[in-house]
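Summary of structural features
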Amino acid sequence: MKNAVIGNNKQKANLIVLGAVPRLLYLLQQGSSSSELQTECAVVLGSLAMGTENNIKSLVDCHIIPALLQGLLCPDLTFIEACLRCLRTVFISPVTPVQLLYTDPTVIPHLMSLLSHSQRTQEYITQIFSHCCKTPEHQTVLFNHGAIQNIAPLLIAPSYKVRMQALKCFSVLAYENTQVSMTLVNVLVEGELLSQVFVRMMQRDQPIEMQLTAAKCLTYMCRAGAIRTDDTCVVLKTLPCLVRMCSKERLLEERVEGAETLAYLMEPDVELQRIASATDHLVAMLADYFKYPSSVSAITDIKRLDHDLKHAHELRQAAFKLYASLGSNDEDIRKKITETENMMDRIVSGLSESSIKVRLAAVRCLHSLSRSVQQLRTSFHDHAVWKPLMKLLQNAPDDVLVMASSTLCNLLLEFSPSKEPILESGVIELLCSLTQSESPALRVNGIWALMNMAFQADQKVKVEIVRSLGTEKLFRLLSDPDINVLMKTLGLLRNLLSSRPHIDQLMSSHGKQIMQALTLILDGEHSVEVKEQTLCILANIADGNTAKDLIMTNDDMLQKIKYYMGHSNVKLQLTATFCISNLLWNEEDGSQERQDKLRELGFVDILHKLAQSPDANLCDRAKTAMQQYLA
């Protein structure tokens, strides 16, 4: 059987269909089988597992995994190695549920104890660990069973395969894991710090796979806060190593992994972004990611060419991600990116590619560049970027929607030339629908974009926003559990209630509901920022001609304003005083009656007190308000 199936997928499938697997597993588990027979069974099963994904599914369905794990308890090393080899082949397949390694809690500690038995057990077990560590829970289980102490010595094992698999283990253990990363920093391997072992593995004379994986380990330790971003092992070793991986001499998958890891490394750190953008002409080097997929030297290999053509979209995705990371903070870098040949056209075509991952990466890149006032005024306008962006917003998955709507928020800022055409394209309905989303991030972006749109807008736009959103939805957003949604909704309301004719018009149609909503917020358990924004809205209402009566006839609200004038927080005192100042303003009709009523309610005494405030702004504002009585 063994000789029949080696290298022959058709024969493997035939044997599986004929029911060989249960029979082999039976012999493997029989106590009366000799260890030679058990080993031969494990070898044949291992060979069957080398076939197609369907073969693996059949093996897993026959419960091969518990049977092989049981086999690891035998004393015979050759048999153990055959079981491990088969387990390794089964577990590295994407169709195998990795959870099966963790079902029995005795398995992981037993595998740790087998690590010292032979070079083969080391290679197979570390490979199993690196493929089966997919979640923070898996990381914790391996960490608690001594993965670090047990695997660290293998980094200097004589066998390259063992060193490589051990290195891969550390990269999956450290990824987004502070506990593991903080522990790794202090680990010594034969008197040398682990980070230095990784640095040595990144040297140019090491195989590319090793350089890249060691760079990932240091990247993950850095992102988890265990290594500083200005540490020489990051700035002088890891970053240059990852930039090297982006060069067109490297294979497609190396370029993809190099670019994505580099993007992750420098995402939060502007200094690393500046260093990277000045290393080896990186910005120009990434432009090659959009050109012919393979480097000239590899084209002789037709299989390789076929593979690269199928995976060229991964290169584009990686380039967009890296551009997004590079340009997230620095204006000069953004300029450099947009001036790279045809860059804006590439982003625009990326927004409509068939691969969802490319679309997401392209919109991330666009979002990063849209943080620049200069780019919004120039390249974004020249390329009418808003058109494909609006198309992308029609029916995209949530992660794309979040990025696309964030970008749209920036395109709707008042100095952006795209604001006008976007308004004319009927975007308001779309944004109003986002505010009703289950996802808080989408609700925030929807309301944020409306807030930007309402800023200094003409009456027509404001009326359209209120009509589309509907007062009921607007007030529901004012009681949203997400603080960001609440703040942006207050921002929208504040922008809607600016300039007198607009204030009076909106308050005449929706005044009662707006006053109720503001009362609820001032009564509720909210942060200073929320209450400050609410008082700013009141101050705007107090500036209206007819709208101010809604405050003057509402004694409950006047008492609240009084309370906040005496609050311990200066910001709230300032905005509450500003509100009263607007009500007292004497160039307007009815100012005498208002001044008399507010005097009776004791506001003048409070203003006197505030005029003595140690805070200069508050003192000035109180004096300005009091001058209205003198005029």
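Residues numbered from 1 in each chain as written. Predicted model: local features only at pLDDT ≥ 70, side-chain atom pairs only at ≥ 80, totals over all residues. Heavy atoms only, no water.

The name an unreviewed UniProt entry gives the chain is Armadillo repeat-containing protein 8, with Merluccius polli as the organism.

1. A look at the overall build of the chain
For clarity, the threshold we go by: Helix and strand assignments come from DSSP, with helices taken as H or I runs of at least 4 residues and strands as E runs of at least 2, each series counted from the N terminus. Two things to know: the radius of gyration comes from C-alpha atoms, and the globule rule equals 2.2 Å times the number of residues to the power 0.38. Think of it in three bands: residues with accessible area under 20% of the maximum for their type are buried, residues over 50% are exposed, and the middle band is partly exposed, with areas taken using a 1.4 Å probe on protein chains only. Any pair of residues with heavy atoms lying within 4.5 Å of one another is described as a contacting pair. Each accessible area is a Shrake-Rupley result for a 1.4 Å probe, and residues are judged covered by the shown protein chains and nothing else. Positive charges are assigned to Lys and Arg, negative charges to Asp and Glu, while His and the chain termini are left out of the count. To locate a charge, take atom NZ for lysine, CZ for arginine, CG for aspartate or CD for glutamate.
Per the secondary structure count, the chain includes 41 helices and two strands. Radius of gyration (C-alpha) of the chain: 33 Å, far over the 25 Å computed for a compact globule of 631 residues. Counting only C-alpha atoms and orienting by the principal axes, one finds that the chain spans roughly 105 × 55 × 50 Å. In the chain, which comprises 631 residues, the share counted as buried stands at 55%. Counted over contacts in the chain with a minimum sequence separation of 6, partners at least 24 positions apart contribute 67%. On the chain, roughly 28,200 Å² of surface is accessible, and the fraction owed to carbon and sulfur atoms is 52%. Of the charged side chains in the chain, 62 are positive and 68 negative; the average position of the first set lies 4 Å away from that of the second.

2. Notes on the packing of helix 34 (residues 500–523) against helix 37 (residues 555–565)
Stated precisely, the cut-off is as follows: What counts as an axis is a line fitted to C-alpha atoms, over the stretch in contact for a helix, and the angles between N-to-C directions run from 0 to 180 degrees. The handedness criterion is simple: a crossing whose near helix is rotated anticlockwise from the far helix by less than a right angle is left-handed, and one whose near helix is rotated clockwise is right-handed. Basically, the charged four are Asp, Glu, Lys and Arg, the nonpolar ten are Ala, Val, Leu, Ile, Met, Phe, Trp, Tyr, Cys and Pro, and anything else, Gly included, counts as polar.
Where helix 34 contacts helix 37, the axes come no closer than 11 Å and their chain directions differ by 35°. Remark: the crossing between helix 34 and helix 37 carries left-handed chirality. Judged by residue contacts, M515, L518, T519, L522 and D523 of helix 34 engage D556, M557, K560 and Y564 from helix 37. For the contact of helix 34 with helix 37, the class distribution of residues is five nonpolar, one polar and three charged.

3. A few points about the state of the cysteines
Put simply, the test is: Disulfides are defined in this document as cysteine sulfur pairs within 2.5 Å.
Counted by the stated rule, this structure contains zero disulfides. Left without a disulfide partner, C62 is nearest to the cysteine sulfur of C86, which lies 12 Å away. What makes C62 partly exposed here is its relative accessible area of 30%. With no disulfide of its own, C86 lies 7.7 Å from the sulfur of C83, the closest cysteine sulfur.

4. Some details on the pattern of salt bridges
Going by this rule: Take a side-chain nitrogen of Lys or Arg and a carboxyl oxygen of Asp or Glu: if they are within 4 Å of each other, that pair is a salt bridge.
Taken as a whole, this structure holds 27 salt bridges when the rule is applied. E267 serves as the salt-bridge partner of R364, at 3.9 Å between the closest nitrogen and oxygen. Of this pair, R364 sits in helix 23 (residues 356–369) while E267 sits in the loop between helix 17 (252–266) and helix 18 (270–277), and the two are 97 residues apart along the sequence. R364 sits in the partly exposed class, given a relative accessible area of 24%.

5. What about the packing of aromatic side chains?
How we decide: Paired rings are identified among Phe, Tyr and Trp, the last through its six-membered ring, by centres lying within 6.5 Å, and are further divided according to the angle between planes into stacked (under 30 degrees), edge-to-face (over 60) and tilted (the rest). Charge-over-ring placement is defined geometrically: NZ (Lys) or CZ (Arg) within 6 Å of the ring centre, and within 35 degrees of the ring normal.
Overall, the coordinates contain six aromatic pairs when judged by the stated rule. Across the ring face of Y264, the terminal group of R223 is positioned such that the distance to the ring centre comes to 4.3 Å.

6. Concerning the packing of helix 6 (residues 64–71) against helix 7 (residues 77–91)
Applied cut-off: Roughly parallel refers to an angle under 35 degrees, roughly antiparallel to one over 145, roughly perpendicular to one between 65 and 115, and oblique to any angle outside these ranges.
Contact geometry of helix 6 with helix 7 gives a least axis separation of 9 Å together with a crossing angle of 150°. In terms of their interaxial angle, helix 6 and helix 7 are classed as roughly antiparallel. Handedness of the helix 6/helix 7 crossing: left-handed. In this structure, helix 6 uses I64, I65, L68, L69 and G71 to contact helix 7, whose residues at the interface are F79, I80, C83, C86, L87, V90 and F91. Its residues assigned to classes, the contact of helix 6 with helix 7 comprises eleven nonpolar, one polar and no charged.

7. Structural notes on the environment of V243
The residue V243 is located in helix 16 (residues 232–245) in this model. Taking C-alpha positions, V243 is 40 Å from V427, a pair spaced 184 residues apart along the chain. When near neighbours in sequence (up to four residues on either side) are disregarded, V243 contacts L262, T279, D280, L282 and M285.

8. Section: the UniProt feature "repeat: ARM" (unreviewed entry) in the chain
Note the following rule: UniProt positions are given in the numbering used here, feature names are shortened, and annotations may be inferred rather than shown by experiment.
When the UniProt feature table is mapped onto this chain numbering, "repeat: ARM" (unreviewed entry) sits at residues 19–55 and 469–511. Measuring from the first to the last C-alpha atom of residues 469–511 gives 16 Å, for a span that is 79% helix and 0% strand.

9. Concerning the environment of V444
Within the element layout of this structure, V444 appears in helix 30 (residues 440–454). Once residues within four sequence positions are removed from consideration, V444 is found in contact with D482, N484, V485 and K488.

10. Here's the deal with the nonpolar core
Put simply, the rule is: Note on terminology: a nonpolar core comprises buried Ala, Val, Leu, Ile, Met, Phe, Trp, Tyr and Cys residues joined through side-chain atoms within 4.5 Å.
Core analysis: the biggest nonpolar cluster contains 223 residues, and F198, L326, L538 and I541 have the highest contact counts within it. Sequence-distant contacts of L326, defined by excluding residues within four places in its chain, comprise M266, Q273, A276, S277, L282, V283, L286, I333 and I337.

11. Focus: the layout of surface pockets
As a reminder, the rule being used: Here a cavity means grid points, on a 1 Å grid over the protein atoms only, where a 1.4 Å probe fits yet cannot get out; a pocket means an open set of points with protein on both sides within 12 Å along at least five of seven lines; lining residues are those with an atom within 4 Å of a point. Grid points are joined across faces, edges and corners, and a volume is the space filled by probe spheres set on the points.
Approximately 1,200 Å³ is the volume attributed to the largest pocket. Lining the largest pocket we find 31 residues, and of these S171, V172, K216, Y220 and E257 sit closest to its centre. Among the secondary structure elements, those contributing two or more residues to the lining of the largest pocket are helix 9 (119–132), helix 10 (136–144), helix 12 (160–174), helix 15 (208–223), helix 17 and helix 20 (302–326). For the lining of the largest pocket, the element with the highest residue contribution is helix 17, accounting for eight residues. Grouping the amino acids of the lining of the largest pocket by side-chain chemistry returns eleven nonpolar, seven polar and 13 charged.

12. Considerations on the environment of A576
Looking at the element boundaries, A576 is found in helix 38 (residues 570–584). The class for A576 is buried, based on a relative accessible area of 0%. Sequence separation of A576 and D330 is 246 residues, and the distance between their C-alpha atoms is 39 Å.

13. Examining the confidence of the model for the chain
Rules: Confidence of the predictor at the level of single residues is captured by pLDDT, which takes values from 0 to 100.
Across the chain, the average pLDDT comes to 92, with 98% of residues at 70 or higher. For the chain, helix 25 (residues 379–382) is the element with the lowest average pLDDT, namely 83, and helix 15 is the one with the highest, namely 98.

14. A word on helix 31 (residues 459–469)
Listing the buried residues of helix 31 in full gives V461, K462, I465, V466, S468 and L469. For helix 31, the secondary structure elements touched by its buried residues are helix 28 (419–424), helix 29 (427–434), helix 30, helix 32 (471–477), helix 33 (483–496) and helix 34.

15. Remarks on unusual backbone geometry
Of note, E176 is a non-glycine position whose phi angle comes to about 50°, a positive value. Examined against the element boundaries, E176 turns out to sit in the loop between helix 12 and helix 13 (178–185). Positive phi, normally seen in glycine, also occurs at H281, with a value near 50°.

16. Considering helix 21 (residues 331–338)
To keep things clear, this is the line we draw: Directions from the helix axis toward the C-beta atoms define the arc. Contacts described as polar in this section are N or O atom pairs within 3.5 Å, which, within protein, must combine one atom able to donate a hydrogen with one able to accept it, while residues neighboring in sequence count only if both atoms come from side chains.
Among all positions of helix 21, only I333, R334, I337 and T338 are buried. Along helix 21, the residues classed as buried sweep out an arc of 130° about the axis, all on the same side. Near the N-terminus of helix 21, the side chain that reaches the backbone nitrogen of D332, with its oxygen 2.8 Å away, is that of D330.

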